[in-house]
Amino acid sequence: MKGERLKTLTKGIILENPVLVLVLGTCPTLATSTQASNAFGMGAAATAVLICSNVFISLLRRAISDKVRIPCYIVLIATFVTIVQMILNAFAYPIYEALGLYLPLIVVNCIILGRAEAFANKHGVLDSALDAIGMGLGFTLTLFVMASIREIFGNGTWMGLPIPVLADNHISILTMAPGGFFVFGCLIACVNKWFKNKPKKKDFGCEGCPSASLCQAAGRKECEAK
Amino acid sequence: MTIKLFCTIILTAMFVENYVLQQFLGICPFLGVSKKLDSAFGMSVAVIFVMLLATAVTYPIQHFILEALGLEYMQTIVFILVIAALVQLVEIVLKKYVPALHASLGVYLPLITTNCAVLGVCIDNVDTYMGTGIFGLTFGQALTYSLGAGLGFLMAMVLFSGVRSRIEDNDAPPSFKGMPITLISAAILSVSFFGFAGVIDNIFK
Amino acid sequence: MTKTKNVREDFVKPILVLTLICLVCSGLLAYVNKITKPIIRETEERIATEAMNEVLPDAGGFAKIDVSFPDVYANGDTNYVTEAYKANNGNGYVFQVTGDGYGGKKTMKLIVGVDPDGKIVETKTLSHSETAGMGSKTAGDDYRFRWTGVDASAIDTVDGISGATFSSGHYKNSMRSVFDAFAYVMNGGK
């Protein structure tokens with residue numbers, strides 16, 4: 001039992017890493033990974049929301065009937081996002097400024113709704129909290145690594161500190177939009193290479209999509225097309 | 001609104017501030033539904049439709065309800081609920097009255113609730129410093145901006161589905177097969193959009 | 001009997017639960033908002049003052065000047081002086097200006113301190129969307145300090161950044177509007 005709990009906690013970091021393996025939450029990953037400090041802020045904010053939403057959805061899973069499940073989840077998630085937004089605005093203004101539009105957009109971050117659907121509404125509070133912590137850690141870690149790569153090589157700094165040789169020879173394009181796609185692609189390729197024996201991931205765009213339960217029709221059509 | 005301003009807003013939203021390739025909004029459908037041209041097109045049309053509708057509803061809500069009552073902090077929660085409700089409503093109406101359209105677009109509609117481009121465009125439109133940088137977009141300008149953003153999404157999807165249909169048969173290194181090579185081609189597509197910075201402003205000077 | 005039960009299960013309960021969740025969430029948000037609002041206002045004020053202190057040190061506080069400036073059209077750009085402040089001890093003025101940039105219209109937001117003689121004390125970029133590594137250099141110390149000590153007659157002596165001609169040009173246009181605004185204030189709003 002204890003081992004299982006540990007697995008629930010750690011699976012999000014590599015084996016079921018939400019960003020690199022499940023390919024969820026790509027928008028914030030690409031957009032906020034230009035600076036390591038921003039990435040850390042985004043990761044922390046999303047993790048906080050994820051933990052709150054997972055815990056509350058798990059608590060309320062018997063009260064919420066199937067029909068109104070999605071609206072209930074959305075209201076809960078949006079509430080936590082707004083609270084995080086207000087807290088950051090009050091106590092961490094630079095991060096609030098840097099994340100800008102992407103902060104309210106945590107609401108539509110697929111990881112959060114995806115975990116609610118795939119885990120929290122089937123498991124107990126403790127397990128859901130552990131799952132949220134694991135997934136949040138995986139998300140934050142990936143964002144941080146990716147942002148570090150982009151900031152070090154693209155801007156010649158790390159966490160705002162200049163790096164000797166690179167500061168004068170940085171590759172600016174890495175901090176811009178194309179660099180985001182490129183570094184993300186390379187990171188996924190690395191994970192594919194080094195963790196070959198990972199469990200077969202679900203195909204992206206169908207069952208892998210957190211909205212799959214919302215739109216079986218779309219899932220079927222897409223899957224047939226393949 | 002003059003034709004000049006109309007063109008500037010549309011082209012800025014489409015090219016310079018392309019939601020997918022420059023601002024990273026709506027990446028999930030961009031990667032997920034771009035394998036086939038017809039599904040890419042269907043998804044984009046549904047997105048344009050919902051974007052326009054959502055802006056038409058959220059803009060008055062922000063200005064006449066939230067700001068009037070000092071409830072700006074409810075923005076996120078109200079907007080996402082409006083979008084979710086709208087999507088459901090559109091689906092029901094289409095199913096009942098325009099079954100042909102529902103057959104082609106219906107399957108993509110529920111996916112749009114979690115499409116950050118739609119929520120993004122709604123927030124952009126009421127936020128003063130975002131988007132085209134025009135202070136306080138008027139209702140007409142906001143709708144124009146949504147249309148431009150939607151068209152930009154359509155363009156990115158259609159372009160990318162063309163790119164992807166070619167990548168499918170290519171012999172990529174094993175680790176790069178699937179998602180990684182897709183992302184790297186997206187990077188190259190995104191580079192081409194750099195060329196538009198500064199161009200639009202100077203065309204309509 | 002089963003029918004009423006079904007109605008209850010299918011309609012009443014979901015509606016009740018959803019309404020309850022909405023109510024509780026709204027209450028929670030209102031509460032958090034009540035706590036954080038004063039702190040947010042304080043932080044925003046502090047940050048605004050910090051920026052002003054940076055471009056015009058030793059001002060002993062600032063008072064907002066209540067004039068609305070005409071839009072300045074310079075070389076095809078439209079610039080808006082959005083806010084102006086007077087140093088309480090008469091050491092100068094601070095102007096906030098939003099102008100066009102290479103990255104789009106009204107994207108370059110600058111704050112500029114001007115001494116009573118009309119010389120720039122310091123400038124600072126608050127936000128911009130210039131190309132990273134090129135136009136973004138206008139926000140760097142190397143460029144902004146080129147403006148220190150410059151007055152209205154010396155605008156064209158300030159060198160632009162090579163490789164970022166457009167961004168430097170837009171920046172210069174914003175400075176023009178600052179000098180216009182300064183003259184406007186000195187003239188008593190004319």
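Because the structure is predicted, anything quoted here is derived from the model rather than measured. (Residues numbered from 1 in each chain as written. Chains lettered and ligands numbered in written order. Predicted model: local features only at pLDDT ≥ 70, side-chain atom pairs only at ≥ 80, totals over all residues. Heavy atoms only, no water.)

(A) Looking closely at the overall build of chain A. For chain A, the count of helices and strands is nine helices and two strands. Listing the helices and strands of chain A from first to last along the sequence gives α-α-α-α-α-α-α-β-β-α-α. Relative to its full complement of 226 residues, chain A shows a buried share of 57%. Long-range pairs, those at least 24 residues apart, make up 72% of the contacts in chain A with a sequence separation of at least 6. (Helix = DSSP H or I, 4+ residues; strand = E, 2+ residues; numbered from the N terminus. Buried < 20%, exposed > 50% of the residue type's maximum accessible area, 1.4 Å probe, protein only. Contact = heavy atoms within 4.5 Å.)

(B) Summary view of the pattern of salt bridges. Residue and element names in this part refer to chain C. Under the criterion given, the structure shown has 13 salt bridges over all chains. Across the pair Glu54 and Arg144 runs a salt bridge whose closest N-O atoms are separated by 3.7 Å. Taken together, the residues span a long stretch of sequence, with Glu54 in helix α1 (residues 2-55) and Arg144 in helix α2 (residues 141-144) at a distance of 90 residues. Note that Arg146 is salt-bridged to Asp142, the shortest N-O span being 3.4 Å. (Salt bridge = Lys/Arg side-chain N within 4 Å of Asp/Glu carboxyl O.)

(C) Structural detail: the side chain of Glu122(C). All names here are of chain C. Positionally, Glu122 belongs in strand β6 (residues 120-127). We classify Glu122 as buried; its relative accessible area is 16%. Within the structure, the side chain of Glu122 is placed 3.3 Å from the side chain of Arg144, a separation counted as a polar contact. Contacts of Glu122, omitting those with residues within four sequence positions, involve Glu54, Val55, Ile111, Val112, Gly113, Arg144, Phe145 and Thr148. (Polar contact = N/O pair within 3.5 Å; in protein donor to acceptor, adjacent residues only side chain to side chain.)

(D) Region of the structure containing the environment of Ser175(B). Mapped onto the secondary structure, Ser175(B) falls in the loop between α8 (139-167) and α9 (179-192). Ser175(B) gets classed as buried once you look at its relative accessible area, which sits at 13%. In this structure, Ser175(B) is in contact with Ala189(A), Asn192(A), Lys193(A) and Pro180(B), ignoring residues within four places of it in sequence.

(E) Molecular detail of the environment of Tyr102(C). All names here are of chain C. By the element assignment, Tyr102 lies in the loop between β4 (93-101) and β5 (104-114). Judged by its relative accessible area of 26%, Tyr102 falls in the partly exposed class. For the pair formed by Tyr102 and Thr131, sequence separation is 29 residues and the distance between their alpha carbons is 7.8 Å.

(F) Examining the nonpolar core more closely. Counting residues in hydrophobic clusters, the biggest one holds 132 residues, and the most contacted among them are Ile106(A), Phe181(A), Phe30(B) and Leu119(B). The biggest single contributor to this core is helix α4 (residues 69-91) of chain A, with 14 residues. Filtering out sequence-adjacent residues up to four positions away, Phe181(A) remains in contact with Leu30(A), Val20(B), Leu21(B), Phe24(B), Ile27(B), Phe30(B), Leu183(B), Ala186(B), Ala187(B) and Ser190(B). By size, the runner-up hydrophobic cluster in this structure holds 28 residues, among which are Tyr93(C), Leu110(C), Val114(C) and Ile161(C). (Core = buried A, V, L, I, M, F, W, Y, C linked by side-chain atoms within 4.5 Å.)

(G) Highlighting the state of the cysteines. For the structure on display, the rule yields zero disulfides over all chains. With no disulfide of its own, Cys28(B) lies closest to Cys110(A) among cysteine sulfurs, the gap being 3.3 Å. Distance from the sulfur of Cys122(B), which forms no disulfide, to the nearest cysteine sulfur (Cys116(B)) is 12 Å. (Disulfide = S-S within 2.5 Å.)

(H) Quick peek at the interface of chain B and chain A. Of the residues lining the interface, 46 residues belong to chain B; the matching set on chain A comes to 48 residues. Summing both partners gives a buried area of about 4000 Å² for chain B against chain A, and 79% of it is carried by carbon and sulfur. It is Phe24(B), Thr114(B) and Leu183(B) that lose the most area in chain B upon contact with chain A, and together they represent 16% of the buried surface on that side. At the surface where chain B touches chain A, the tally comes to three residue pairs in polar contact (both at pLDDT 80 or more). Where the side of chain B that touches chain A is concerned, the elements lending two or more residues are α2 (27-32), α4 (75-97), α6 (109-112), α7 (116-126) and α9 of chain B. At eight residues, the largest contribution of residues to the side of chain B that touches chain A is made by α9(B). Classifying every residue of the side of chain B that touches chain A gives 31 nonpolar, eleven polar and four charged. (Buried area = accessible area lost by both parts, 1.4 Å probe. Nonpolar A, V, L, I, M, F, W, Y, C, P; charged D, E, K, R; others polar.)

(I) Here's a closer look at a negative patch on the surface. The grouping of Glu97(A), Glu42(C), Glu44(C) and Glu45(C) at the surface amounts to a negative patch. The biggest single contributor to the negative patch is α1(C), with three residues. With respect to the helices, strands and loops of the structure, Glu42(C) is situated in helix α1. Classification of Glu42(C) as exposed rests on a relative accessible area of 57%. (Patch = residues over 30% accessible without salt bridge, like charges linked within 9 Å, V, L, I, M, F, W, Y side chains within 5 Å. Areas by Shrake-Rupley, 256 points an atom, 1.4 Å probe, with all protein chains shown as cover. Lys, Arg positive; Asp, Glu negative; His and termini not counted. Charge placed at Lys NZ, Arg CZ, Asp CG, Glu CD.)

(J) View of unusual backbone geometry. All names here are of chain B. For Phe24, which is not glycine, the phi dihedral falls at a positive 55°. Following the sequence through the fold, Phe24 ends up in the loop between α1 (3-16) and α2. The exposure class assigned to Phe24 is buried, which follows from its relative accessible area of 5%.

(K) Region of interest: the packing of aromatic side chains. All names here are of chain A. All chains considered together, the criterion is met by 16 aromatic pairs over all chains. An angle of 45° between the planes, with centres 5.4 Å apart, marks the rings of Phe56 and Phe80 as tilted. Pair noted here: Phe56 is in helix α3 (residues 36-59) and Phe80 is in helix α4, with a separation of 24 residues, a long-range link. Given the relative accessible area of 10%, Phe80 is considered buried. (Phe/Tyr/Trp six-rings, centres within 6.5 Å; stacked < 30°, edge-to-face > 60°.)

(L) How the structure looks around a nonpolar patch on the surface. Side chains of Val7(C), Phe11(C), Val12(C), Ile15(C), Leu16(C), Leu20(C) and Val24(C) sit close together on the surface and give an oily, nonpolar patch of about 650 Å² of accessible area. Counting through the fold element by element, Phe11(C) comes out in helix α1.

(M) Structural view of the confidence of the model for chain B. All names here are of chain B. Per-residue confidence for chain B gives a mean pLDDT of 84; residues scoring 70 or more make up 93%. In the model of chain B, helix α10 (residues 199-203) stands out as the element of lowest mean pLDDT, 72, in contrast to α8, which has the highest, 91. The ipTM value of the predicted complex is 0.85, and its pTM value is 0.83. (pLDDT = per-residue confidence, 0-100.)

(N) Broad picture of the packing of α4(B) against α7(B). All names here are of chain B. Direction vectors running N to C along α4 and α7 enclose 130°, while the axes themselves pass 10 Å from each other. One finds that α4 runs oblique with respect to α7. Crossing angle aside, the handedness with which α4 passes α7 is right-handed. Along the contact surface, α4 presents Gln75, Phe79, Ile80 and Ile83, while α7 presents Val118, Leu119, Cys122, Ile123 and Val126. Within the contact of α4 with α7, the residues separate by chemical class into eight nonpolar, one polar and no charged. (Axes fitted to C-alpha atoms, helices over the stretch in contact; angles between N-to-C directions. Parallel < 35°, antiparallel > 145°, perpendicular 65-115°, else oblique. Left-handed = near helix turned anticlockwise from the far one by under 90°.)

(O) Spotlight on the pairing of β5(C). All names here are of chain C. Judged by how many residues are buried, β5 sits mostly within the fold: ten of eleven residues are covered. Sheet topology places β4 next to β5; eight bridges connect them, and they run antiparallel. Following the sheet pairing, Val97 is matched in β5 by Leu110. The turn joining β4 and β5, which pair antiparallel and follow one another in sequence, is formed by two residues. Sheet topology note: the β5/β6 ladder contains six bridges and is antiparallel. Bridge assignment links Val114 to a residue of β6, and that residue is Ile120. (Pairing = 2+ DSSP bridges.)

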